[in-house]
Amino acid sequence: MISTLLSRLQHGPDGDPTPRLAYGADYNPEQWPREVWAEDVRLMREAGVNIVSVGIFSWARIQPAPDEWDFAWLDEIMDLLHAGGIGVDLATATASPPPWLTTAHPEILPVTASGETLWPGARQHWRPTSPVFREHALRLVRAMAERYADHPALVAWHVSNELGCHNVYDYSDDAARAFRVWLRARYSTLDALNHAWGTAFWSQRYSDWEQILPPRLAASHPNPTQQLDFKRYSSDALKEYLRAERDVLRELTPDVPVTTNFMVMGGTKGMNYADWAAEIDFVSNDHYVVPGPQDRDELSFSANLVSGISAGRPWFLMEHSTSAVNWQPINVAKRPGELARDSLVHVAHGADAVCFFQWRQSAAGAEKYHSAMVPHAGPDSELFRAVTALGSTLRTLAPVAGTEREPARVGIVFDWESWWASEQDSHPTSRLDYRQEALDWYSALLALGVRADVVTAQAELDRYDLLIAPVLHMVPTALAKDLTRYVEQGGHLVTTYFSGVVDENDHVWLGGYPGALRELLGIRVEEFGPLLDGDAVELDLDGAPTGSLWTDRITVTDLDVDVLGRYRSGAHTGLPAVTRRTVGRGSAAYVSTRLGADGLAGLLPRLLTPAGVTSELPDAARGDVELTVRRGSGARYLFLVNRTDAPVPLAGLDGELLIGRKDADGALVLPPRDVAVLRQPDRGRRGSNRCRNGG
Ligand code: GLA
Ligand code: GLA
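Residues numbered from 1 in each chain as written. Chains lettered and ligands numbered in written order. Predicted model: local features only at pLDDT ≥ 70, side-chain atom pairs only at ≥ 80, totals over all residues. Heavy atoms only, no water.

Trainee: Honestly, the overall build of the protein in this entry has me stumped. Any pointers?
Mentor: Helix and strand counts for the protein come out as 19 helices and 28 strands. Compactness check: the protein gives a C-alpha radius of gyration of 26 Å against a globular reference of 26 Å for 695 residues, within 12% of the reference. Going through the 695 residues of the protein one by one, you find that 59% of them count as buried. The contacts in the protein between residues at least 6 apart in sequence include a share of 73% that link residues at least 24 apart. Here the protein holds 66 positive side-chain charges and 90 negative ones, and the gap between their average locations is 4 Å. (Helix = DSSP H or I, 4+ residues; strand = E, 2+ residues; numbered from the N terminus. Rg over C-alpha atoms; globule rule 2.2 N^0.38 Å. Buried < 20%, exposed > 50% of the residue type's maximum accessible area, 1.4 Å probe, protein only. Contact = heavy atoms within 4.5 Å. Lys, Arg positive; Asp, Glu negative; His and termini not counted. Charge placed at Lys NZ, Arg CZ, Asp CG, Glu CD.)

Encoded structure:
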């Protein structure tokens, strides 16, 4: 679908037939007088922009009253953009309901767990399950699709905007009704629900479906399975809303691809995108950097996970920022080089589009201090020059468009169910951060220069030589069987503390931890040993790392288990901290404490070696450079990203340099924060030795 879309972007009025990556932004012309529009299109062309998302927050302008429609301005914009050779990713405009609708129908407003109404005045103030909202929204979607079905600028549909950004958890009466319908579909009978929710506990047994509510503000910890099911239901409710809009669009414009912008980034947890991806024609993502010690690792991790969600196929970077945002406590500007490097890391991980929020920086409204492609200073600015330079870089990278990600040999499993379940309340520790643990493993692999894919639990896991599944807390029987088979067939599995502990109902697997994975790992734990804030334990591993957050008192139960490291201090001094059981040609390893990225980088060589995984980078570049590979049409594209603020020499890699620099002697060198892309002929390499050896 993306390739069709990109091919529609090829033919601007200049008739340039070069296939190219998409480049653009959210475009909100309704914030500007008409005089600005023509300049916008002229500057877009100057910057190399070939796609913009229009109409995202235009509902009140398009439909000023229930039976009044104003498409004239949008017609004009669509025509102007088309005349400028710029394609339109047209929003359905439903993201922010207009005041007339919320005044007439306050019953569409979301309600928090403590019963507060989220009033209009910002955006996304609607209940995902409100039948009234849906009726009005779908009427608008239909009007948009009917109006623009045949407009030549239309290249894709953009459903709503960041579904669930502000309204994923709605506890209203509409939600209560929809939650019951969802629960009936899942459990069929009240007996099954009572069992799954463990309602024998605290006198919670239900005798009628009508008694069931969302987990509203309660006197103590609400039922954990009720909470978990509410998370599942809330993600599903938005997914169902996405489908409703999509179905209208497919009915009226079957040939126009439909997407919606995901938010795979730190801090967004409510939407199970692994489960949503199949609903749309191509995956889109928004990503914003949150400054911190691992900020660029996090960017790479998110982009990598989006590729995993998209099953390795190209995807759209629908939004990121040219520089500062407006919604963090302190909004720092990007440093020179970061605008391009951040963009190209997404491209390295499969983005065929680089888009920003937004085209022209707003003069008014809550986002007036959010950067854009055209800043307040105007086009005569460093920022706009960097934007234009990136447009030209992306044009050079046109051959990459449509290529897929070349699988790495290491996979990091990222599982929404375990994420949701492991971070619930009333647990051994409230400090556990599922995403951070996965990110730490990713950072450790980057530090060693080892390429890894971040994949969902539904991915084709067998293709990986080494599978790292941090805090794989929820392991239903089927997943336990899959992982056991994976190891028995020669795969190398690594998991950590608090894994394998519960089934899909959040019921503990009895007989000792790590429950569902106990036999596979050949260990047994009788009691968890979480650590207080600031407490640490020493380990006798290389580099003498310390563990924090968690410990386990491990008993080895299988003769084939090697103890890779022991606790050197704390309650478990002398006992195993890291174990590895050999199973035929495969193995199953367990890390019982939180080592952090540095500690994991020290441990990893002992886990990579048995799996036969080594860095593909020259020695001098390991750790300083991130390598990512895209592959297609007989070529491999090596993306080499300088993670540091110093130049890095890159001798020893051959290929044709698409972007990047060589020094006076012709050797490849990566300036600080820069990116090089090398094209090599594809000699039919395979990602995994295991695949090559037939398992
Ligand atoms: C989100 C939204 C945009 C804008 C940006 C600001 O990504 O989709 O409308 O608010 O955040 O960072
Ligand atoms: C109180 C309650 C018990 C139990 C404990 C948990 O003592 O009476 O039912 O919840 O707290 O610590």
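Trainee: Would you mind going over helix α18 (residues 596-611) with me for this structure?
Mentor: Each full turn of the α-helix corresponds to 3.6 residues, which orients residues three or four apart in the same direction. Across its 16 residues, α18 extends 22 Å between first and last C-alpha, which sits within 8% of the 22 Å expected from 1.5 Å per residue. When the local axis directions of α18 are compared, the greatest deviation, roughly 40 degrees, occurs at L603, which is followed within four positions by the proline P605. Within the span of α18, buried status applies to G596, A597, G599, L600, A601, L603, L604, L607, L608 and A611. (Expected span 1.5 Å × (residues − 1). Bend = angle between axes of the 7 residues up to and from the residue.)

Trainee: Honestly, the packing of aromatic side chains in this entry has me stumped. Any pointers?
Mentor: Two measures describe an aromatic ring pair: the distance that separates the ring centres and the angle between the ring planes. With the rule as written, the count across this model stands at 36 aromatic pairs. Relative to F133, the ring of W126 lies with its centre 4.5 Å away and its plane at 5 degrees, an arrangement referred to as stacked. Looking at W126, the relative accessible area reads 0%, which means it is buried. Among the residues examined, F133 registers a relative accessible area of 0% and is labelled buried. Among the aromatic side chains, those forming a connected cluster through ring pairs are F262, Y273, W276, F301, F414, W416, W419, Y434 and Y442. One residue, R61, lies across the ring of W73, its end atom 4.9 Å from the ring centre. (Phe/Tyr/Trp six-rings, centres within 6.5 Å; stacked < 30°, edge-to-face > 60°. Lys NZ or Arg CZ within 6 Å of the ring centre and 35° of its normal.)

Trainee: Honestly, the site of ligand 1 in this entry has me stumped. Any pointers?
Mentor: With respect to spatial proximity, the complete set of residues near ligand 1 consists of F57, R123, N161, E162, D286, Y288, E319, W327, F357, E367 and H370. Contact between ligand 1 and E319: an oxygen atom at 2.2 Å from a side-chain N or O atom of the residue. Within the side chain of H370, an N or O atom sits 2.7 Å from an oxygen atom of ligand 1. Here ligand 1 loses 97% of its free accessible area of 300 Å² to cover by the protein chains. Of the residues that constitute the shell around ligand 1, the class distribution is four nonpolar, two polar and five charged. (Near = heavy atom within 4 Å. Polar contact = N/O pair within 3.5 Å; in protein donor to acceptor, adjacent residues only side chain to side chain. Areas by Shrake-Rupley, 256 points an atom, 1.4 Å probe, with all protein chains shown as cover. Nonpolar A, V, L, I, M, F, W, Y, C, P; charged D, E, K, R; others polar.)

Trainee: Which parts of the structure should I look at to understand the domain arrangement of the protein?
Mentor: For an interface, size is often stated in terms of accessible area lost upon the parts coming together. Per the domain assignment, the segments making up the protein are domain 1 (2-106 + 117-167 + 238-402), domain 2 (410-611) and domain 3 (619-681). On a C-alpha basis, the centroid separation for the pair domain 2 and domain 3 is 33 Å. Counting residues at the interface gives six residues for domain 2, matched by eight residues for domain 3. Taken together, domain 2 and domain 3 are joined by zero salt bridges. The interface formed by domain 2 and domain 3 contains zero residue pairs in polar contact (both at pLDDT 80 or more). Residues of the side of domain 2 that touches domain 3, tallied by class, amount to four nonpolar, one polar and one charged. (Domains from an automatic or database assignment. Salt bridge = Lys/Arg side-chain N within 4 Å of Asp/Glu carboxyl O.)

Trainee: Hey, could you run me through the sheet that holds strand β26 (residues 661-662) in this one?
Mentor: Hydrogen bonds along the backbone pair up the strands of a sheet, which may run parallel or antiparallel. With antiparallel pairing, three strands are arranged side by side in an open sheet as β24-β27-β26. Edge positions in the sheet fall to β24 (648-649) and β26, since each has one partner strand and no second. One ladder, built from two bridges, connects β26 with strand β27 (residues 668-670); its direction is antiparallel. Within β27, the residue paired with R661 across the bridge is V669. (Pairing = 2+ DSSP bridges.)

Trainee: What am I meant to see in the environment of L249 here?
Mentor: Summarising the element assignment, L249 is placed in helix α9 (residues 224-252). Exposure remark for L249: the relative accessible area of 0% places this residue in the buried category. When residues no more than four places from it in sequence are discounted, the contact partners of L249 are T92, V141, A145, W157, V159, P254 and V258.

Trainee: When you look at the nonpolar core in this model, what are you seeing that I'm missing?
Mentor: Soluble, globular proteins show a tendency: their nonpolar side chains are buried together. Counting 173 residues, the largest nonpolar core has L81 and W359 as the members making the most contacts within it. If we ignore the near neighbours within four places in the chain, the residues touching L81 are Y27, V41, M44, V52, V54, I86 and V88. Counting 16 residues, the second largest nonpolar core, distinct from the first, contains A175, Y187, L193 and A237. (Core = buried A, V, L, I, M, F, W, Y, C linked by side-chain atoms within 4.5 Å.)

Trainee: Before we go on, may I ask you to explain the sheet that holds strand β11 (residues 410-414) in this structure?
Mentor: Read from one edge of the open sheet, seven strands run β12-β11-β13-β14-β21-β20-β19, paired in mixed fashion. Looking along the sheet, the strands with just one partner apiece sit at the ends: β12 (452-456) and β19 (561-566). This sheet shows a mean twist of 20 degrees between the axes of neighbouring strands, independent of strand direction. With five bridges joining them, β19 and strand β20 (residues 576-583) adopt antiparallel strand pairing. Within β20, the residue paired with V561 across the bridge is R581. Across the sheet, helix α15 (residues 434-447) lies against β11, β12, β13 (466-469), β14 (492-496) and β21 (586-591), angled at about 170 degrees from β11, the strand it touches most. Contacts from helix α16 (residues 477-488) reach β13, β14, β20 and β21, with the element oriented near 135 degrees to β14. (Axes fitted to C-alpha atoms, helices over the stretch in contact; angles between N-to-C directions.)

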